[in-house]
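In case you want the letters, here they are:
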Amino acid sequence: MEDRLSRVFAALADPTRRDMVARLAVADATVNELAEPYAVTVQAVSKHLRVLEDAGLVSRSRQAQRRPVHLEAEVFDLMTKWIERYRREAEQRYQRLDAVLAEMTETEDRGARDVREGEAS
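These numbers were taken from a predicted model, which means no experiment stands behind them.

This part covers the overall build of the protein chain. Looking only at helices and strands, the protein chain has five helices and two strands in total. N-terminal to C-terminal, the α/β element order of the protein chain is α-α-α-α-β-β-α. By the compact-globule yardstick of 14 Å for 121 residues, the protein chain is too spread out, its C-alpha radius of gyration being 26 Å. Once the C-alpha set of the protein chain is aligned to its principal axes, its extents read approximately 95 × 30 × 20 Å. Looking at the protein chain as a whole, 26% of its 121 residues are labelled buried. A separation of at least 24 residues holds for 52% of the contacts in the protein chain among residues at least 6 apart in sequence. Of the roughly 8600 Å² of accessible surface on the protein chain, 53% is carried by carbon and sulfur atoms.

Okay, structure coming up:
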């Protein structure tokens, strides 16, 4: 799993590939359609697609003369699970920190109250 996750994150490290994934999230597209907005060759776009394909993010199929590229959305489940695990751990650390800070504030408030009461007597 970790190796696959590494390939996914490495593939998404490139902004052009992230943009292609975003466009494929809207609809399948051919290599030529994906190449349109970029000032690069179709071959360069094909290389980007190979990286995405090797990571399992996209697949290609054949529909008559057309070869659309399809986003494999289930790969995002793998990423989401990994991210969620660390998000929960970070959230638990923040909750523990909040509890410590609340306890410190309460102790500080009690100490100040004791000082005021001592001065009043």
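That covers the picture; the talk isn't over yet.
Now for the pattern of salt bridges. Under the definition given, this model contains five salt bridges. Close ionic contact of Arg87 with Glu91 constitutes a salt bridge, the shortest N to O distance being 2.6 Å. In this pair, Arg87 and Glu91 both sit in helix 5 (residues 74-120), four residues apart, roughly one turn of the helix. Arg87 gets classed as partly exposed once you look at its relative accessible area, which sits at 39%.

Conventions and cut-offs
- Residues numbered from 1 in each chain as written.
- Predicted model: local features only at pLDDT ≥ 70, side-chain atom pairs only at ≥ 80, totals over all residues.
- Heavy atoms only, no water.
- Helix = DSSP H or I, 4+ residues; strand = E, 2+ residues; numbered from the N terminus.
- Rg over C-alpha atoms; globule rule 2.2 N^0.38 Å.
- Buried < 20%, exposed > 50% of the residue type's maximum accessible area, 1.4 Å probe, protein only.
- Contact = heavy atoms within 4.5 Å.
- Areas by Shrake-Rupley, 256 points an atom, 1.4 Å probe, with all protein chains shown as cover.
- Salt bridge = Lys/Arg side-chain N within 4 Å of Asp/Glu carboxyl O.

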